[in-house]
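Residues per chain, in single letters:
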Amino acid sequence: MKSFMEKESKYKPLIIKYLNGKSSLQEKGELLQWLKESPRHMDFFFRIKKEWDPFSDAGDFVDNAYQELQYKRYLRQNLNDAFDRKSSVKKRLVYPVLKVAALLLIGLFVGLWINEYNTTGPEKPSAQTVITSPRGQKSRLILPDSTSVWLNAESTLRYASSDFLNNREVQLDGEAFFNVQKSRNSEFSVQTDDYRINVKGTEFNIMAYKDFGRTETTVVNGKIQVRRNNKNVEVNASEKVVYEDGKFEKHNANVLAATSWKDNTFYFNKVPFEELVRRLERWYDVDITLKGEDLSDIEYSGIFKNEETVWQVLEVIQMTTPIEYRRNQFREIIITGKSNN
């Protein structure tokens, strides 16, 4: 049996030939088959790519620096907005939110924390807490009732902080994973644009990005009630409910595919290519332009770890899908379809 070093000496020229765009279809197929055999082979591919293209390392460094700069900018903006307000009542209401942000798990970005205020009567103001996780980041938070929430990139959660323990209701725009704390006194509810979810204590994931054209909820444990107007749907563990084109559909769920994002894994199972691109934009805070109508017919399946850069992910997608990508400007990417020739 050939040693790994012997295989390296064989496949290194094939990798370099591929990176230079000179591989034949047969050579591409041989290389792809070898990469699928072992994660070690894929690691070797990326090591060769870094040697071949020194700008890859620089790109990683710039990406990391950009993430850090973005985080500092959001946090500084939030602090300035909080303490520039003239009302002393507003200042007092901002402080608890900043304190909650400090209690988030170490290593996670806080995201953009804002307080909005409205008045329910002449006696006293009622505060609404608004938590936004911007593009390129995700956040974990603990609600006042000890419910745990993972908030995905470019998602917003709102709730009335003054009366939350009596009325456990949140509004979601985007995607979130909930581990709801049981309560004898009240149900927990999540309101999306398409429907309301009522639970007593369970784990579930809601995907409600407006640009995906649907809302879907996957139940991990327990069961939930989904309500829209007079329509009620009960969803049990390992099931998901999808609301699209004005109707509900219930299916058996791939729980791992729906929830792996919170564990820093991207799991795609026959995802339309346009949706795949939108997710990459949110996770990596990049802008991707698609050129070519044939791209809308592509479905993609694959698994990536979050420690991989967007360029590494696109490199693998390019090897397994009839597409080509190029960097247009800083954090701007153009993807086009390619022929089989």
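Since the model is a prediction, treat every value here as computed from it, not as a measurement. (Residues numbered from 1 in each chain as written. Predicted model: local features only at pLDDT ≥ 70, side-chain atom pairs only at ≥ 80, totals over all residues. Heavy atoms only, no water.)

Let's shift gears to the pattern of salt bridges. If you walk through the whole model with that rule in mind, you get 17 salt bridges. Between Arg-279 and Glu-275 there is a salt bridge, with its nearest N and O atoms 3.8 Å apart. In this pair, Arg-279 and Glu-275 are both assigned in helix α7 (residues 273-284), 4 residues apart and thus about one turn of the helix distant. Judged by its relative accessible area of 12%, Arg-279 falls in the buried class. Arg-278 is paired through a salt bridge with Glu-281; the nearest N and O atoms lie 2.7 Å apart. Taken as a pair, Arg-278 and Glu-281 lie in helix α7 at a separation of 3 residues, close to a single helical turn. In terms of burial, Arg-278 and Glu-281 fall into one category: buried. (Salt bridge = Lys/Arg side-chain N within 4 Å of Asp/Glu carboxyl O. Helix = DSSP H or I, 4+ residues; strand = E, 2+ residues; numbered from the N terminus. Buried < 20%, exposed > 50% of the residue type's maximum accessible area, 1.4 Å probe, protein only.)

Counting residues in hydrophobic clusters, the biggest one holds 42 residues, and the most contacted among them are Phe-273, Leu-280, Ile-317, Ile-333 and Ile-335. Among all residues touching Ile-335, those that are not within four sequence positions of it are Phe-273, Val-277, Ile-288, Thr-289, Leu-290, Lys-291, Leu-295, Leu-314, Ile-323, Glu-324 and Tyr-325. Among the nonpolar cores identified, the runner-up in size contains 29 residues, and Leu-143, Leu-157, Val-199 and Phe-204 belong to it. (Core = buried A, V, L, I, M, F, W, Y, C linked by side-chain atoms within 4.5 Å. Contact = heavy atoms within 4.5 Å.)

Overall, the coordinates contain 16 aromatic pairs when judged by the stated rule. Judged by centre distance (4.2 Å) and plane angle (5°), the rings of Tyr-11 and Trp-34 are stacked. Taken together, the residues Tyr-11 in helix α1 (residues 4-19) and Trp-34 in helix α2 (residues 25-37) connect sequence positions 23 residues apart. In this pair, the class of Tyr-11 matches that of Trp-34, namely buried. Ring plane angle 35° and centroid distance 5.7 Å describe the contact between Tyr-195 and Phe-248, whose orientation is recorded as tilted. Highlighted residues: Tyr-195 in the loop between β7 (188-191) and β8 (196-199) and Phe-248 in strand β14 (residues 247-252), separated in sequence by 53 residues. In this pair, the class of Tyr-195 matches that of Phe-248, namely buried. (Phe/Tyr/Trp six-rings, centres within 6.5 Å; stacked < 30°, edge-to-face > 60°.)

This paragraph deals with the sheet that holds strand β16 (residues 287-291). Two orientations exist for strands paired in a sheet by backbone hydrogen bonds: parallel and antiparallel. The 3 strands lie next to each other as β16-β19-β18, forming an open sheet whose pairing is mixed. Only two strands of the sheet have a single neighbouring strand rather than two, namely β16 and β18 (323-329). The average undirected angle you get between the axes of adjacent strands in this sheet is 25°. As paired strands, β18 and strand β19 (residues 332-337) are joined by 6 bridges and run antiparallel to one another. In the strand pairing of β19, Glu-324 is matched with Thr-336. Together, β18 and β19 form the strand contacts of helix α8 (residues 310-320), whose direction differs from that of β18 by roughly 150°. (Pairing = 2+ DSSP bridges. Axes fitted to C-alpha atoms, helices over the stretch in contact; angles between N-to-C directions.)

The next thing to look at is the packing of α7 against α8. For the pair α7 and α8, the least separation of the axes is 11 Å and the interaxial angle reads 165°. The angle between the axes of α7 and α8 places the two elements in the roughly antiparallel class. The two elements α7 and α8 cross, and the hand of that crossing is right-handed. Along its contact with α7, which presents Phe-273, Leu-276, Leu-280 and Tyr-284, the element α8 presents Val-310, Val-313, Leu-314 and Ile-317. Split by residue class, the contact of α7 with α8 holds 8 nonpolar, no polar and no charged. (Parallel < 35°, antiparallel > 145°, perpendicular 65-115°, else oblique. Left-handed = near helix turned anticlockwise from the far one by under 90°. Nonpolar A, V, L, I, M, F, W, Y, C, P; charged D, E, K, R; others polar.)

In this model, α2 (13 residues) spans 19 Å end to end at C-alpha, consistent with the 18 Å of a helix rising 1.5 Å per residue. Along α2, the residues that are buried comprise Glu-27, Leu-31, Leu-32, Trp-34 and Leu-35. Down the axis of α2, the sector holding all buried residues measures 165°, keeping them to one side. The exposed residues of α2 that point more than 90 degrees off its buried face are Leu-25, Gln-26 and Lys-36. (Expected span 1.5 Å × (residues − 1). Arc of directions from axis to C-beta.)

Most of α8 sits inside the fold, with 10 of its 11 residues counted as buried. Those residues of α8 that fall on the buried side of the exposure criterion are Val-310, Trp-311, Gln-312, Val-313, Leu-314, Glu-315, Val-316, Ile-317, Gln-318 and Met-319.

Moving on: the confidence of the model for the protein. Scored by pLDDT, the protein comes out at a mean of 78, with 73% of its residues at no less than 70. Confidence drops under a pLDDT of 50 for residues 54-59, and excluding neighbours within four residues, the segment shows 4 contacts in the predicted structure. Confidence over residues 79-125 falls short of pLDDT 50; this stretch has 67 contacts with residues more than four positions distant or in other chains. (pLDDT = per-residue confidence, 0-100.)

It is worth spelling out the environment of Thr-289 at this point. Within the secondary structure, Thr-289 sits in strand β16. The class for Thr-289 is partly exposed, based on a relative accessible area of 40%. For the pair Thr-289 and Asn-328, spaced 39 residues apart in sequence, the C-alpha to C-alpha distance is 9.6 Å. Residue contacts for Thr-289: discarding those within four places in its chain leaves Ile-333, Ile-334 and Ile-335.

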